[in-house]
Structures are given as structure tokens and as C-alpha cells.
Amino acid sequence: MDPARRLGPAQIDVVAQLAVSTVLLGGIYALIAVGLTLIFGIMRVVNFAHGEFLMLGMYLAFFAFTLEGLDPYVVLLISIPIFYGVGWLVYVLIMRGVIHASHNVQIFTTVGLSTALQNVALVLWTGDFRVIRPWHSSVVLRVAGTAFNLSQVVAWAVAVALTIALFAFMKWTHTGRVMRATAQDRDAATLMGIDTDRVYRLTFAIGIACVGAAGVLVSPLYAVYPQAGLQFVTLAYVVVVLGGLGDMAGAMAGSLIVAAVEVAGSYVFGAAWKEVFYFLLFIGVLVFRPAGLFGQRGAETLGA
Amino acid sequence: MTRLAPDRWAAVALFAAAAATPLVTRDTFMLDSVILILLWGSLSAGWNVAGGYAGQVSLGHAAFFGIGAYAAALMSARHLNPWLGLAIGVGLSIGAGGLIGYLSNRLKGPYFALSTIAFAEVLKIVASRWRGFTAGSEGVPVPFRPGFATLGLGHVAWLYLILVLALVCYALQMYLERSRVGYQLAGVREDEDAAEALGIATRRRKVQAVVLSAALTSMGGSLWAQYVGFVDPSHVFSIDLSVRFALNSIIGGMGTALGPFLGSLLITSLETYLRATFSGIQAGFTGIYLIIYGVVLILIVRFAPEGVTGIAARWRTRRDRAHA
């Protein structure tokens, strides 16, 4: 039974609760999706291993909490440089070699990376579901007829702050401008003296840092297991395609739409069927507006 | 009389060795290994028709495999004829393949791959949640009913049955290598606009390739379900399975008739060997096998994207040039 219904109309305003849940989920999805869309927009590579970095972020939070007693919000601070480094390394070791290769080579490189990482986690840490419960995950906030827990609110606030920071970085710093220039036209950027290899390295590192941080943020809310990334990443694909692959503002809007579909779908039809709705939405968008809801028509047939 | 090309000889040797196995040994482990090599090879050949020959790289072929597996298993579980299930599965997969093929006309590269993943995911969710019809995520056990009509066979009979499937797949691929349709598909794969300009019905050819590929994969799925005896949604519709079909073809050589079988020989033997070595630590084994699988995939597409048959062809050309 849906928690909102169990508490009854006297305590919970259903519409307000659904709206708040949508916004909270949307903020977290945005942070996951923004890294994916950034990597695609600039490098023209769909990172099929994106979810695995989220899973690694969750494990980092889990082990820091159980072994060292570190709160996930403390871990967040160290996770950003750690995952930045991981992204940097993965770019240098794996992605650099295929950046100019065909789509098929790129697809199967990241798919292979996904399979390998998932199973490294399985071998090292077994397939058990693991849960952490820091104190803030059991604090319930009640505001204006809605109820939600503190971890969710903090995760949302941090996710939104990080996403906004990334936007500001892309818009106002010199490096951000260089990255956008590379996204617009790789060859012209090279002619202008931009070191595209450095841009890609930076892009991949930032994208992975975002999703690693997202993994740490969601760790008090969801179980950790080797395939944990899969549920989020499939969702991130939906978000990113809705918003238009490579479009960061589109990804924000896409996150809210997917969150709304998920929240409304699980309220009306039960949580078991919620994925079906966003996948149907996904296929619908791919068929009718493949360039995304706000994108330019025709981008998808270029194979990007 | 033209001389047989070396990869045709290799194929003849591979299939002859498979056919001769029961004459040499009746060891269940050996027979099982050969059956799985042929079965995964046939399934990869099915993938290869769309991914290799037509260039429509799918990451959702588990959808067709699952449709076939469920069709046969559900028929068997209801004490009906699994062959009828196989036929129904093929029919459904042709419909689904037509849909995916239509998508392939609108979407390229990563967009197409994403849409095929989404398609397989939807089927996975439906199969695991529609309890009344599919028994949900617990899966469907296939009862063993001896006889050819009910597909309850011994290992030797299974081996020859799967060998027939493999030969059919191989023959179809040969046809795609040599026929007019095959050349047209190669044109679509290499440069669609140029092919279109030459008057090739590119859209129709792509849909046909995906439909044929779906039908073969579904057939393999039905036989797999009957052979293994258990179907569960999180396995038969998984991305891992879709990747496996692609992986065999990529390792062996995409768009070649021998490639998928050669890839299956290498990968399936590796899996069987590791399973035998690491038996006992079950969870650990699957992980180690899949780590190798992922790493091999990364290395192959990076350093030898044309696969083993491609490498062999390159060596031959170099040698012939040295002799000339």
C-alpha cells in the first residue's frame, strides 16, 4: 500500500505530496543524467557504463559508513575528487583510444566496461543487498501537509547545488566555454588551438564525478548491490533522450518529467509497474521525437 | 571448380567435429559443451544477420530470445506442444522485429541501441510482473516429457537437432554473403545514402534483415528453454544476454558466416572451462567469467575490431604477398 494512502487524508495532502516527491526525485535524477548528457554532448559517446560508476559511489558510501562510521555527506566531499580521478583514468586508459572510432566500437567499449565493473563488484563484495541507515534517514519532516525524510531533502539540495554549479561552470568559465566550443564543432575547435584531448579528459572526469557523487547521495535511500546502477542508468537514458542527447537544460526538464511519470504511475497503478511507464514514454519519444522534446528535428539521423 | 576458401574449410571442420563427437564419446559434459557452443553460435549468427550484415547493431536481442523461450516454456508447462510454442514465438518475434526494424529506419547508432535496450526492458518487466500468465519473476520450469514431439530429448539427439539449427543459420549467412540481397545489405551498412542513390530499397532491406534476425534468435530461444528446462525473466531478457550474442560475433568477426560460431567456440569453451575450475564457489565463478568477457570485449573492439576471421584474412594476404 502506498505510504501516502496509509497515513490517510487527515495528515497528508496527496497532490502536494506527489508534487514534492516529483521534485525531490527529479533533482537526483538530474545529477545522474547531467553527467551522461555532458559526456555525450561533448564527446559524442553514450556511456553505457554510467550506472556502474553510480554503483561504485554507493559502495564507497556504504564502506565508509560501515567500516569508518563516516556519514555519507562527509564522504560526498572526498567522493568528488576520487571519482574525478577515476573518470580521468578511465578516459586515459580506455576512452581515449576509441574517441575517433565508429559508433559500434564506442558502444561495445562502454558496454564491456559496464559488464566488467559490475562483476568486479560481484566478485569483491558478493551480490547481497546492503543498506545503510545514518541518523538522517529516519528523520521525517512534515511541512504543509507533506511528509518526507531528511536524507531525501539533503540529497535533493546537494544534487541541485552541484547541477547548478556545473551549469555555471559551463556558462561562465573559460574552460566551460572551451568545452562548449568543442561540442559545437570538434574540427573548428582544434583549428582555434583548443586541445580537444584535454577537453575530453576533463569532460569525462566531470561526468563521472557527478554520477559518483549522485551514488553517494542516494546511498541512504536505496539498497546497494552490483546491479544497482542499472535501474538508475536506464532511467537516465530516458531522461537524456527526452531532453535531447547532449542538452543539459533539456536533461533537467527530462528529469522532472520522468520523476512525475514515475510518481504518478506508482501512485495510480502501484510501484511494480512504474518502470513500464517511463520505458513506454522512452520508446514513444524515440519514435516520434528522437531529437528530444525540445531538440532540433533530424539530429538523430545524423547518428550524431 | 573453385577452391574452398580457408574459412569455409574451418566451418566444415567445426561442424564435422561437432557431428562426430557422439561417435567418440558419450560423456555428458562433452556433449553438453558441444551443444552449447552450437546453440550460442546459432544465436549469435541470428544477431549477426542484423548487426553484422545489415549494420543494425542491437543491444536488445534478448527480447526475441525471451519471446521464443517463454513461448516454448509456457506451452510445455501447460502440457501443449513446444513446437507450436516455437512457431508462435517466431511469429511474435517477426512482429516485434518488424517494429524494431521500423525504428531502425528512424534511429542511428547509439539511438538505435538505446531503443532496443528499452524494448527488451519493457518485455522483462511485463514477464516478471504479469504473474497470472508468466508466473512472474519466479520463472517457468519446463517439464521433461520424453519424445521428439515434446522436445524431451537425450544429449545425442539434442546435439544433432541443434546442429541442424546451426547449419541453417550458417547457410542463411552464406546466402547473405553471396546473393544480391547480401550485397545490397552490405551497401546499406557501409553507406546508406550511396546505397539509396543506387536504387536499393534500403528501408525495406533493413527491416527484412532485422525480422530474419529476430526469427532465428527466437527459434534459438525456444530450443534453449526446452534444453535447459527453466526460464526466468531476469535472465532471458537481460542485457548480458544481448551482449553475449554480439560478443561472439565481434570476437569471431562481424558480418562473416563463420565468425559467430568461432566466437562461440572460444567464449563458450572459456565459460565451460571456468565453470569446471571454479565449481563450488558459484557466485565467484559467474563474476570472474563475466569480468574476462567484459575486458575481452573492450580489447577486441579496440585492437581487432574485425575479429579472429579478419585477423586470419590479414595474415593470409600478407603471406600470399610475400610468396608472390
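Counting from 1, residues in each chain are numbered in the order their sequence is written. Written order decides the labels, with chains lettered from A and ligands numbered from 1. Note on the predicted model: pLDDT of at least 70 is required for a residue's local features to be given, and 80 or more for side-chain atom pairs to be given and counted; whole-chain, interface and lining totals, by contrast, use all residues.

### Thoughts on the overall build of chain A
Applicable threshold: Strands here mean DSSP runs of E at least two residues long; helices mean DSSP runs of H or I at least four residues long; both are numbered from the N terminus. To get the radius of gyration, use the C-alpha atoms; to get the globule rule, take the number of residues to the power 0.38 and multiply by 2.2 Å. The exposure scheme places C-beta atoms from the backbone and then counts, for each residue, the other C-beta atoms within 10 Å of its own, assigning buried at 20 or more, exposed at 12 or fewer, and partly exposed in between.
Looking only at helices and strands, chain A features 12 helices and two strands. Ordered by position from the N terminus, the helices and strands of chain A form the series α-α-α-α-α-β-β-α-α-α-α-α-α-α. In terms of overall dimensions, chain A is globule-like: its C-alpha atoms have a radius of gyration of 19 Å, near the 19 Å expected for 304 residues. Residues counted as buried form 49% of the 304 residues belonging to chain A.

### Some details on the overall build of chain B
From N to C terminus, chain B includes 15 helices and two strands. Here chain B has a C-alpha radius of gyration of 20 Å; the compact-globule value for 324 residues is 20 Å, and the two agree. Taking the principal axes of the C-alpha coordinates as reference, chain B spans close to 60 × 50 × 40 Å. Residues classed as buried in chain B amount to 52% of the 324 residues present.

### Considering the interface of chain A and chain B
Rules: In this description, any two residues whose backbone-derived C-beta atoms lie within 7 Å of each other are considered to be in contact. Polar here means any residue outside two lists: the nonpolar Ala, Val, Leu, Ile, Met, Phe, Trp, Tyr, Cys and Pro, and the charged Asp, Glu, Lys and Arg; Gly therefore counts as polar.
At the junction of the two partners, chain A supplies 39 residues and chain B supplies 36 residues. Of all the elements in the fold, those that place two or more residues in the side of chain A that touches chain B are α5 (103-125), α10 (228-243) and α12 (274-288) of chain A. For the side of chain A that touches chain B, the leading source of residues is α5(A), giving 15 residues. Residue classes in the side of chain A that touches chain B are distributed as 25 nonpolar, 12 polar and two charged.

### Here we look at the packing of helix α7 (residues 155-178) of chain B against helix α8 (residues 180-190) of chain B
Residues and elements named next belong to chain B. Basically, it comes down to this: Geometry is summarised by axes, namely lines fitted to C-alpha atoms with helices restricted to the contacting stretch, and by angles between N-to-C directions that run from 0 to 180 degrees. To sort the angles, those under 35 degrees are grouped as roughly parallel, those over 145 as roughly antiparallel, those from 65 to 115 as roughly perpendicular, and the leftovers as oblique.
The contact between α7 and α8 brings their axes to 5 Å, and the two run at 70 degrees. Considering their axes alone, α7 and α8 lie roughly perpendicular with respect to each other. Counted together, Y175, L176, E177 and R178 of α7 and V181, G182 and L185 of α8 form the full contact between these two elements. When its residues are assigned to classes, the contact of α7 with α8 shows four nonpolar, one polar and two charged.

### Things to note about the pairing of strand β2 (residues 146-149) of chain A
All names here are of chain A. Stated precisely, the cut-off is as follows: Pairs of strands are assigned from DSSP output, requiring at least two bridges between the strands.
Where strand β1 (residues 140-143) meets β2, four bridges bridge the pair, whose relative direction is antiparallel. Counterpart to V143 in the pairing with β2 is T146. Hairpin connection of β1 to β2: two residues between the antiparallel strands, including A144 at a positive phi of 45 degrees.

### Overview of the packing of helix α4 (residues 82-104) of chain B against helix α10 (residues 202-228) of chain B
When two helices pack together, you describe them by how their axes are tilted relative to each other and by the distance separating the axes. All names here are of chain B. Operational definition: In this scheme, a crossing is called left-handed if the near helix is turned counterclockwise away from the far one by less than a right angle; it is called right-handed if the turn is clockwise.
Axis separation between α4 and α10 bottoms out at 7 Å; the angle between their running directions is 150 degrees. Crossing of α4 over α10 shows right-handed handedness. Across the contact of α4 with α10, the residue classes tally to 13 nonpolar, 13 polar and one charged.

### With respect to unusual backbone geometry
A positive phi is found at A:R44, a non-glycine position, where the angle reads about 60 degrees. Structurally, A:R44 is set in the loop between α2 (14-43) and α3 (50-68). We note that B:H79 has phi near 60 degrees; this positive angle belongs to a residue other than glycine. Positionally, B:H79 belongs in the loop between α3 (62-77) and α4.

### Here's the deal with the nonpolar core
As a reminder of what qualifies: We define a nonpolar core as a collection of buried residues of the types Ala, Val, Leu, Ile, Met, Phe, Trp, Tyr and Cys that are connected via C-beta atoms lying within 7 Å of each other.
Within the largest apolar cluster, 196 residues are counted, with the highest numbers of intra-cluster contacts made by A:I28, A:Y29, A:A214 and A:A236. In this structure, A:A214 is in contact with A:I28, A:L31, A:I32, A:L54, A:G57 and A:A159, ignoring residues within four places of it in sequence.

### Section: α7(B)
The α-helix advances 3.6 residues per turn, and as a result positions three or four apart in sequence lie on the same side. Residue and element names in this part refer to chain B. Note the cut-off: In this scheme, a helix's expected span is set at 1.5 Å multiplied by one less than its residue total.
In this model α7 runs 34 Å from its N-terminal to its C-terminal C-alpha over 24 residues, within 8% of the 34 Å that 1.5 Å per residue would give. Looking at α7, one finds that the buried residues are W158, L159, I162, L165, A166, C169, Y170, Q173 and L176. Among the structural elements, α1 (6-24), α2 (28-53), α8, α10 and α13 (259-277) are those in contact with the buried residues of α7.

### Here we look at the confidence of the model for chain A
Residue and element names in this part refer to chain A. The condition is simple: pLDDT gives the predictor's per-residue confidence on a scale running from 0 to 100.
Of all residues in chain A, 93% have pLDDT values of 70 or greater, and the mean over the chain is 84. Per-element confidence in chain A is highest for helix α4 (residues 72-95), whose mean pLDDT is 93, and lowest for helix α1 (residues 3-7), whose mean pLDDT is 51. Counting interchain partners and residues more than four positions distant, the pLDDT-below-50 stretch residues 297-304 has 16 contacts.

### Overview of α10(A)
All names here are of chain A. Taking 1.5 Å as the rise per residue, α10 with 16 residues should run 22 Å; its terminal C-alpha atoms sit 24 Å apart, in good agreement. Judged by how many residues are buried, α10 sits mostly within the fold: 14 of 16 residues are covered. Once α10 ends, the next one or two residues include G244, with phi positive near 95 degrees.

### Brief notes about the environment of B:L86
Residue and element names in this part refer to chain B. Its place among the elements puts L86 in helix α4. Between the alpha carbons of L86 and G109 there is a distance of 31 Å; along the sequence they are 23 residues apart. Setting aside residues no more than four positions away along its own chain, L86 makes contact with G68, A71, A72, M219 and S222.

### Focus on the confidence of the model for chain B
On average, residues of chain B score 86 in pLDDT, and 96% of them are at 70 or above. Here the complex is predicted with pTM 0.87, and the ipTM for its interfaces comes to 0.84.

### Re the environment of B:S93
All names here are of chain B. Mapping S93 onto the fold places it in helix α4. Exposure remark for S93: the 30 C-beta atoms within 10 Å place this residue in the buried category. A sequence separation of 202 residues divides S93 from V295, and the C-alpha atoms of the two residues are 31 Å apart. Once you skip the residues sitting within four places of it in the chain, S93 turns out to touch F64, I67, G68, A214, A215, T217 and S218.

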